[in-house]
Amino acid sequence: MNSKKAIVIGASSGIGREVSLRLLQDGWTLGIAARREEPLNEIKEKYPQQVEVAVIDITKEDARQQLQQLIDRLGGIDLYFHASGIGKQNLSLREDIEMNTVATNGIGFTRMVGTAYRHMAEHGGGTIGIISSIAGTKGLGASPAYSATKAFQNKYIEALEQQARLRKLNIHFTDIRPGFVATALLDGGQGYPLLLRPENVAKEIVSSLYKKRHVRVIDWKYRILTPLWRMLPRWLWVRLPIANNKTRKS
């Protein structure tokens, strides 16, 4: 996989940062982007010959142009990896939380993945990988917009994969669906069950990208749990007291 080129959106922290570091260790040339520049520059300082940095807020309308400019700076890409997303518990259904989540996980996601897809369609293909979540399995009353937008991401990538096949495009898709990951944005993960370490999650993500998996739930515990969730009838699911006061980000 040496000499390959990739862009990681959401590379400043958490899983996106860990995936970026693993790809760099494997010899990839990366374009890394996020809203915060300082953490990106820290990565560039360690790998000055392999990294291009861009400050991109995916909720802004000019994010598409900024992504295209980053692709051009790299001279094309073999992999686009989308690790940018937000999610908060919202038992009071605050409008700002719901709308910000939709703007990032829905509109911003669609804007950026679509830009990568159109570029690959015109330039011989590549791989599009995303971090969605097991939260898209069922509607979570504690995080309505979060679980809904993660389900949207699951279906959007599935639809793009079908479209790419219909168009005979050489584009592969990998939908990564992690469980709860211990990151700073989860306050270290206190209060969450079955916590995963970001380093281990990143290792499995990169392996899944290399193996061109279509969907990968991380890890084995969640691969058992999520099918059980799907089997629960709606009348039972809506009565389950699933709630947590932490913040969730993927």
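This paragraph deals with helix α7 (residues 220-231). For α7, the set of buried residues is Tyr222, Thr226 and Trp229. The buried residues of α7 all sit within an arc of 55 degrees when viewed along its axis, so they share a single face. For α7, exposure combined with an orientation more than 90 degrees from the buried face picks out Trp220 and Met231. Against β8 (215-218) and α8 (234-237) lie the buried residues of α7.

Attention now goes to the nonpolar core. Among the nonpolar cores identified, the biggest contains 38 residues, and Val19, Leu23, Ile32, Phe81 and Ile205 are the most heavily contacted of them. In this structure Phe81 touches Ile7, Val8, Ile9, Val19, Gly129, Ile130, Ile131, Ile176, Ile205 and Leu209, once residues within four positions along its chain are discounted. Counting 27 residues, the second-largest nonpolar core is a separate cluster that includes Ile9, Phe109, Leu169 and Ile171.

Our next topic: the confidence of the model for the protein. The predicted coordinates ought not to be read in detail in places where the model reports low pLDDT. Per-residue confidence for the protein gives a mean pLDDT of 90; residues scoring 70 or more make up 90%. Within the model, the stretch residues 184-190 combines pLDDT values under 50 with 16 contacts to residues more than four positions away or in other chains. In the model, residues 244-250 has pLDDT below 50 throughout and makes 37 contacts with residues more than four positions away in sequence or in other chains.

Any pair of aromatic rings gets described here by the distance separating the centres and the angle formed by the planes. Throughout the structure, instances matching the rule amount to 6 aromatic pairs. Between Phe109 and Tyr156 the ring centres are 6.1 Å apart and the planes differ by 70 degrees, which places this aromatic pair in the edge-to-face class. Taken together, the residues span a long stretch of sequence, with Phe109 in helix α4 (residues 95-122) and Tyr156 in helix α5 (residues 144-166) at a distance of 47 residues. Chaining the aromatic ring pairs together yields one cluster made of Phe109, Phe152 and Tyr156.

Time to look at the pattern of salt bridges. Pairing between side chains of opposite charge can happen when their charged atoms approach one another. Evaluated as defined, the whole model comprises 9 salt bridges. In this structure, Asp96 engages Arg94 in a salt bridge whose closest nitrogen and oxygen atoms are separated by 2.6 Å. On the accessibility criterion, Asp96 (37% relative accessible area) is partly exposed. With its nearest N and O atoms 2.8 Å apart, the salt bridge here joins Lys221 to Asp219. With a relative accessible area of 22%, Lys221 lands in the partly exposed category. Beyond isolated ion pairs, a larger network of salt bridges with shared partners links Glu204, Arg216 and Arg223.

Definitions and limits used
- Residues numbered from 1 in each chain as written.
- Predicted model: local features only at pLDDT ≥ 70, side-chain atom pairs only at ≥ 80, totals over all residues.
- Heavy atoms only, no water.
- Buried < 20%, exposed > 50% of the residue type's maximum accessible area, 1.4 Å probe, protein only.
- Helix = DSSP H or I, 4+ residues; strand = E, 2+ residues; numbered from the N terminus.
- Arc of directions from axis to C-beta.
- Contact = heavy atoms within 4.5 Å.
- Core = buried A, V, L, I, M, F, W, Y, C linked by side-chain atoms within 4.5 Å.
- pLDDT = per-residue confidence, 0-100.
- Phe/Tyr/Trp six-rings, centres within 6.5 Å; stacked < 30°, edge-to-face > 60°.
- Salt bridge = Lys/Arg side-chain N within 4 Å of Asp/Glu carboxyl O.

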